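# Secondary and tertiary structure notes
Chain residues, written in single-letter form:
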Amino acid sequence: MATLIMQGMGLATGFSSAHYKIAHPGSCRTLPVKHVKQFTSNVSLFFVLSVYESNFSERRVSFFVIRSDGSLPSGLNGDKSRRGGLTTNAVSTKQEKAAASTASNPGHELLLFEALREGLEEEMDRDPNVCVMGEDVGHYGGSYKVTKGLASKYGDLRVLDTPIAENSFTGMAIGAAMTGLRPIVEGMNMGFLLLAFNQISNNCGMLHYTSGGQFKIPVVIRGPGGVGKQLGAEHSQRLESYFQSIPGIQMVACSTPYNAKGLMKAAIRSDNPVILFEHVLLYNLKERIPDEEYVLNLEEAEMVRKGEHATILTYSRMRYHVMQAAKTLVNKGYDPEVIDIRSLKPFDLHTIGNSVKKTHRVLIVEECMRTGGIGASLTASINENFHDYLDAPILCLSSQDVPTPYAGVLEEWTVVQPAQIVAAFEQFCR
């Protein structure tokens, strides 16, 4: 494993193996003394792997610590659409019906972050090449506890705590994927992965093509994103559209514990690089999922509610805003069809197209920005492929093109709310 990671670092950084040097900490004069003390407090012998380039006398890349036994010091932190759980009839939400459904439905209840962890753990048990890397993913268990307990079970080489350097550990993961590993990169916040945009675009998305198919890049990039509860502009970004334009990348967005686990397993098994978007406000969503193993299709949308009057396309957190609006719409005599598109790249145009041919009207509800967002790409795809079936122009409800305010009231105003969906749908169907 250590050899593969070292080879992967060389592939990701562009340095040959000749540029790697193993040095005793005493010779690493640029390594701060406080870090040496921190790393050697419980390690009798360790090495610092540094990268040099022949044209330069100074070290070009940050240190990488490996114990003499090959392990890492713990201190190195600087299928088909489902109809269960969420009822298709938006009005049927009585407690007794929910209780009866739970009693008759086999399986076990999990929160969404637990479902992600269960899927990840099952794949790590199944395939020893699956590994995780990111900030605080090891003994801390991740900021949202998706990797809690995995470090003690699989060790520090398969659950690797990294320095705070997204470009470095994302590049390392891409290199490791080229050598045969299946890394999962956790971004503590998806906004931080903008620091690794070069690696994701120029390496992750293109290396399979530019190598003439010699390398596969089976890497999963995942983490929390979206507008939280007063997390501020830099922690409330919707970056789906940023990555959508990168050739060679697949993108999915989970919205329930069921599809979170199924999409996680499918992404890990894929030979393509996959970005899995998780919403920060959905981690504590609870649902009953099957005991038996299942893997979802990365390119398949989910029919959440069948209807006749108009198609509502949505994903991630907005699925729940749409379903709240659907209850009101049904009580007013409307019959909306709701689809969780789930696959952000490529779109499931088969499912979407069949719905458009039936309802002839499309309303898109997203949390992404209006300009250049997922909704804009989806509108273009539908107009290009199903224009003759539309009886009205496509309507898209998106977030405002402003940084997310910190103030709670202002934050809500930037995001589409259920009342806006109801009003738009009513106007749409007149």
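Residues numbered from 1 in each chain as written. Predicted model: local features only at pLDDT ≥ 70, side-chain atom pairs only at ≥ 80, totals over all residues. Heavy atoms only, no water.

### Comments concerning the overall build of the protein
Applicable threshold: By the criteria applied, helices consist of DSSP H or I runs no shorter than four residues and strands consist of E runs no shorter than two, each listed in order from the N terminus. Three labels apply to residues, based on accessible area from a 1.4 Å probe with only protein chains included: buried if under 20% of the type maximum, exposed if over 50%, partly exposed otherwise in between. Per-residue accessibility takes into account occlusion by the displayed protein chains alone, with areas from the Shrake-Rupley method and a 1.4 Å probe.
Along the protein, the regular secondary structure elements total 15 helices and 17 strands. A burial count over the protein gives 53% of its 430 residues as buried. As presented, the protein carries roughly 18700 Å² of accessible surface, and 52% of it is formed by carbon and sulfur atoms.

### Looking at helix H12 (residues 349–359)
Note the threshold: The contact criterion used is simple: two residues touch if any of their non-hydrogen atoms lie within 4.5 Å.
Of all the residues in H12, the buried ones are Thr351, Ile352, Gly353, Ser355, Val356 and Thr359. Residues of H12 that are buried in the fold lie against strand E13 (310–314), strand E14 (336–340), strand E16 (362–369) and helix H13 (374–386). Among the residues trailing H12, histidine 360 stands out with phi positive, at a value near 70°.

### Remarks on empty space enclosed by the protein
For clarity, the cut-off: The definitions used throughout rest on a 1 Å grid laid over the protein atoms alone, on which a cavity is an enclosed set of points accommodating a 1.4 Å probe that cannot get out and a pocket is an open set flanked by protein within 12 Å on both sides along at least five of seven lines; lining residues are those having an atom within 4 Å of a point. Grid points are joined across faces, edges and corners, and a volume is the space filled by probe spheres set on the points. Any residue outside Ala, Val, Leu, Ile, Met, Phe, Trp, Tyr, Cys, Pro, Asp, Glu, Lys and Arg is labelled polar, Gly included; the first ten of those are nonpolar and the last four are charged.
Approximately 120 Å³ is the volume attributed to the largest cavity. Lining of the largest cavity is provided by 14 residues; of these, Gly225, Gly226, Glu240, Phe277 and Ser316 occupy positions nearest its centre. The dominant element in the lining of the largest cavity, judged by the number of residues it contributes, is strand E10 (residues 274–279), at three residues. By residue class, the composition of the lining of the largest cavity is five nonpolar, five polar and four charged.

### Points about the confidence of the model for the protein
Heads up, the condition is: The predictor rates its confidence in each residue with pLDDT, a number between 0 and 100.
Chain-level pLDDT for the protein is 80 on average; 76% of the residues reach the 70-or-more range. In the model, residues 2–103 has pLDDT below 50 throughout and makes 166 contacts with residues more than four positions away in sequence or in other chains.

### Here we look at the nonpolar core
Defined as follows: We define a nonpolar core as any set of buried Ala, Val, Leu, Ile, Met, Phe, Trp, Tyr and Cys residues linked to one another through side-chain atoms lying within 4.5 Å.
Counting residues in hydrophobic clusters, the biggest one holds 49 residues, and the most contacted among them are Phe243, Ile275, Leu313, Ile341 and Ile382. At the level of elements, strand E5 (130–134), helix H6 (166–178), helix H7 (197–204), strand E9 (250–253), E10, H12, E16 and H13 are the ones that each hand at least two residues to this core. Here this core takes seven residues from H6, the largest share from any one element. Leucine 313 has contacts with Ile339, Ile341, Ile352, Val362, Leu363, Ile364, Val365, Leu378 and Ile382, leaving out every residue within four places of it along the chain. Listed in part, the 36 residues of the second largest apolar core include Leu116, Val220, Ala267 and Ile268.

### Quick notes on the pattern of salt bridges
Our working rule: We define a salt bridge as a contact between a side-chain nitrogen of Lys or Arg and a carboxyl oxygen of Asp or Glu at a distance within 4 Å.
Per the counting criterion, the structure on display carries 23 salt bridges. Measuring nitrogen to oxygen at the nearest pair gives 2.7 Å for the salt bridge that ties glutamate 121 to lysine 153. Here lysine 153 lies in helix H5 (residues 150–154) and glutamate 121 lies in helix H4 (residues 112–126), a separation of 32 residues in the sequence. Classification of lysine 153 by relative accessible area gives partly exposed; the value is 43%. It is possible to trace a salt-bridge network through shared partners that takes in Glu118, Glu122, Glu123, Arg126, Lys261, Lys265, Arg269 and Glu293.

### Re the packing of H6 against H7
Our working definition: For helices, the fitted line uses only the C-alpha atoms of the stretch in contact; every axis is such a line through C-alpha atoms, and the angle between N-to-C directions lies from 0 to 180 degrees. For classification purposes, angles smaller than 35 degrees are called roughly parallel, those larger than 145 roughly antiparallel, those between 65 and 115 roughly perpendicular, and all remaining angles oblique. Left-handed is the label given to a crossing in which the near helix is rotated counterclockwise from the far helix by less than a right angle, and right-handed is the label when the rotation is clockwise.
Following both chains from N to C, one finds H6 and H7 inclined at 20°, their axes separated by 8 Å at the closest point. Classed by the angle they form, the pair H6 and H7 counts as roughly parallel. Note on packing geometry: the crossing formed by H6 with H7 is right-handed. The segment H6 lies against H7, with Asn167, Thr170, Gly171 and Ile174 engaging Gln199, Ile200, Asn203 and Cys204.

### Re the sheet that holds strand E12 (residues 302–305)
The following threshold applies: A pair of strands is labelled paired if DSSP reports no fewer than 2 bridges between them.
One open sheet holds the five strands; their spatial order is E12-E14-E13-E16-E17, and the pairing between them is mixed. Of all strands in the sheet, those bounded by a partner on one side alone are E12 and strand E17 (395–399). Neighbouring strand axes in the sheet, compared pairwise and without regard to direction, differ in orientation by 25° on average. Pairing of E12 with E14 involves three bridges; the strand directions are antiparallel. Its bridge partner lying in E14, methionine 303 is registered against isoleucine 339.

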